Amino acid sequence: MQKLLYIDSCIRGELSRTRRIATPIIEKLKDRYDVETIVINDLELNPVQYDENRRRAAGTVSEEALCWASKIKNADRIVIAAPFWDMSIPAALKTFFELCSLFHVTFDSDDKTCYGLCKAEKTLFITTRGMEIKTGEPLEQATPYLKALFWLWGIKGLEVIARENFDYISAEKIEEEISSAIKEGLELAENF
Ligand SMILES: Cc1cc2nc3c(=O)[nH]c(=O)nc-3n(C[C@H](O)[C@H](O)[C@H](O)COP(=O)(O)O)c2cc1C
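Residues numbered from 1 in each chain as written. Predicted model: local features only at pLDDT ≥ 70, side-chain atom pairs only at ≥ 80, totals over all residues. Heavy atoms only, no water.

S.K.: Requested: an account of the overall build of the protein chain, with residues and values cited.
M.R.: Secondary structure summary: the protein chain contains seven helices and seven strands in total. Listing each helix as α and each strand as β along the protein chain from the N terminus yields β-α-β-α-α-α-β-α-β-β-β-α-β-α. Scaling as 2.2 N^0.38, a compact globule of 192 residues should have a C-alpha radius of gyration of about 16 Å, and the protein chain matches this with 17 Å. Across its three principal axes, the protein chain shows a C-alpha extent of roughly 55 × 35 × 30 Å. Per-residue burial over the protein chain gives 44% buried out of 192 residues. Look at the contacts in the protein chain between residues 6 or more apart in sequence, and 82% of them connect residues 24 or more apart. With an accessible surface of roughly 10,100 Å², the protein chain has 50% of that area assigned to carbon and sulfur atoms. Placing the 25 positive and 32 negative side-chain charges of the protein chain at their respective mean positions leaves the two points 3 Å apart. (Helix = DSSP H or I, 4+ residues; strand = E, 2+ residues; numbered from the N terminus. Rg over C-alpha atoms; globule rule 2.2 N^0.38 Å. Buried < 20%, exposed > 50% of the residue type's maximum accessible area, 1.4 Å probe, protein only. Contact = heavy atoms within 4.5 Å. Areas by Shrake-Rupley, 256 points an atom, 1.4 Å probe, with all protein chains shown as cover. Lys, Arg positive; Asp, Glu negative; His and termini not counted. Charge placed at Lys NZ, Arg CZ, Asp CG, Glu CD.)

Dropping the structure here:
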C-alpha cells in the first residue's frame, strides 16, 4: 500500500472544527493508503533558533527532525489539517516545516538553485477561517506559503478544502458548512 502522511495541526484539539472535517476524510483514505499521523501538538516544538541552525550548519541534524523529514520525503500523499491563524498557518506548524526543511533530505541544491527531493504527487490542505476570507485572496497567506514550500520540496498537486466565516455565522450554519466540507473531501478522496 502507498503511504499517506497526515499532519494534524489542529491546535485546539477536540474543539477543532478543522479536525472534525479532516477526520472522516482521513478515515476514508485509510481504505487505500497506509496512513501515518503526526499530531503537531504532541511534538511540543520549540522555534528553530541560532543554536539549532549552527548545529545543522556543522552537519548535525536532530534524529527526530531527520525522522519527520524522511516521512515527508517518502510519503506518496500528504494531508495537512490546520486552522487559519494570524492570516496564515499556526506557528507550531511553521516550526515543524522549518525543522523538516533539511538539505539532502526534503530538498537539495546544485550550483545554481535549490530543487525538491520529495515524492508526493498529490497533497490536500484542510482549513477553516474565522473571517470571510477565501482561498487565493491576498489576505489569505496560508495556501501561498504551502505552495511555495512544496515547490521547494518538489511536492506537487495541492488541493484545498476550506470553509470561512466560522467566527461570525450561527452554530447551525457551521454544522452545515462542516457537513458540506466533509462531503467535498470524501468525493475528492475517491481520486486522491
Ligand atoms: C490564535 C488564533 C488566531 C486566529 N487568527 C485568525 C486570522 O488571522 N484570521 C481569521 O480569519 N481567523 C482567525 N482565527 C479564527 C480561526 O481561523 C477560526 O476560528 C477557525 O475556524 C479555527 O479553527 P479550529 O476550530 O479548527 O481551531 C484565529 C483563531 C485563533 C485561536
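S.K.: Requested: an account of the site of the ligand, with residues and values cited.
M.R.: The full set close to the ligand counts 15 residues, and Arg12, Ser16, Thr18, Phe84 and Asp167 are the nearest of them. The side chain of Asp167 places a nitrogen or oxygen atom 2.7 Å from an oxygen atom of the ligand. Bound to the protein, the ligand loses 81% of the 640 Å² it would expose on its own. A class-by-class count of the residues in the shell around the ligand yields six nonpolar, four polar and five charged. (Near = heavy atom within 4 Å. Polar contact = N/O pair within 3.5 Å; in protein donor to acceptor, adjacent residues only side chain to side chain. Nonpolar A, V, L, I, M, F, W, Y, C, P; charged D, E, K, R; others polar.)

S.K.: Tell me about the packing of aromatic side chains, and name the residues and values.
M.R.: For the coordinates displayed, the defined rule picks out six aromatic pairs. A centroid spacing of 6.2 Å and a plane angle of 50° characterise the contact between Phe97 and Tyr145, whose relative ring orientation is tilted. Placement of the pair is Phe97 in helix α5 (residues 91-100) and Tyr145 in helix α6 (residues 142-153), with a sequence separation of 48 residues. Using a relative accessible area of 21% as the deciding quantity, one classes Tyr145 as partly exposed. The structure contains a cluster of three or more aromatic residues connected by ring pairs, namely Trp68, Phe96, Phe97, Tyr145, Phe150 and Trp153. Its guanidinium or amino end placed over the ring of Phe192, Arg77 lies 5.9 Å from that ring's centre, counting from NZ or CZ. The cationic tip of Arg129 hangs over the ring face of Phe84; the distance from NZ or CZ to the ring centre is 5.5 Å. (Phe/Tyr/Trp six-rings, centres within 6.5 Å; stacked < 30°, edge-to-face > 60°. Lys NZ or Arg CZ within 6 Å of the ring centre and 35° of its normal.)

S.K.: Which residues make up the pattern of salt bridges, and what values do they have?
M.R.: Under the criterion given, the structure shown has 20 salt bridges. Ionic pairing is found between Glu52 and Arg56, a salt bridge with its closest N-O pair at 3.9 Å. With Glu52 and Arg56 both in helix α3 (residues 50-57) and four residues apart, the pair spans about one turn of that helix. The class for Glu52 is buried, based on a relative accessible area of 15%. Given a relative accessible area of 21%, Arg56 falls into the partly exposed group. Where Asp76 meets Lys119, a salt bridge forms, and the shortest distance between an N and an O atom there is 3.4 Å. One end of the pair, Asp76, is in the loop between α4 (63-74) and β3 (77-81); the other, Lys119, is in the loop between β5 (114-116) and β6 (122-128), with 43 residues separating them in the sequence. (Salt bridge = Lys/Arg side-chain N within 4 Å of Asp/Glu carboxyl O.)

S.K.: Lay out the environment of Leu158 with the relevant residues and their values.
M.R.: By secondary structure assignment, the location of Leu158 is in strand β7 (residues 158-163). When neighbours within four sequence positions are excluded, Leu158 is seen to be in contact with Thr123, Leu124, Phe125, Thr143, Leu146, Lys147 and Phe150.

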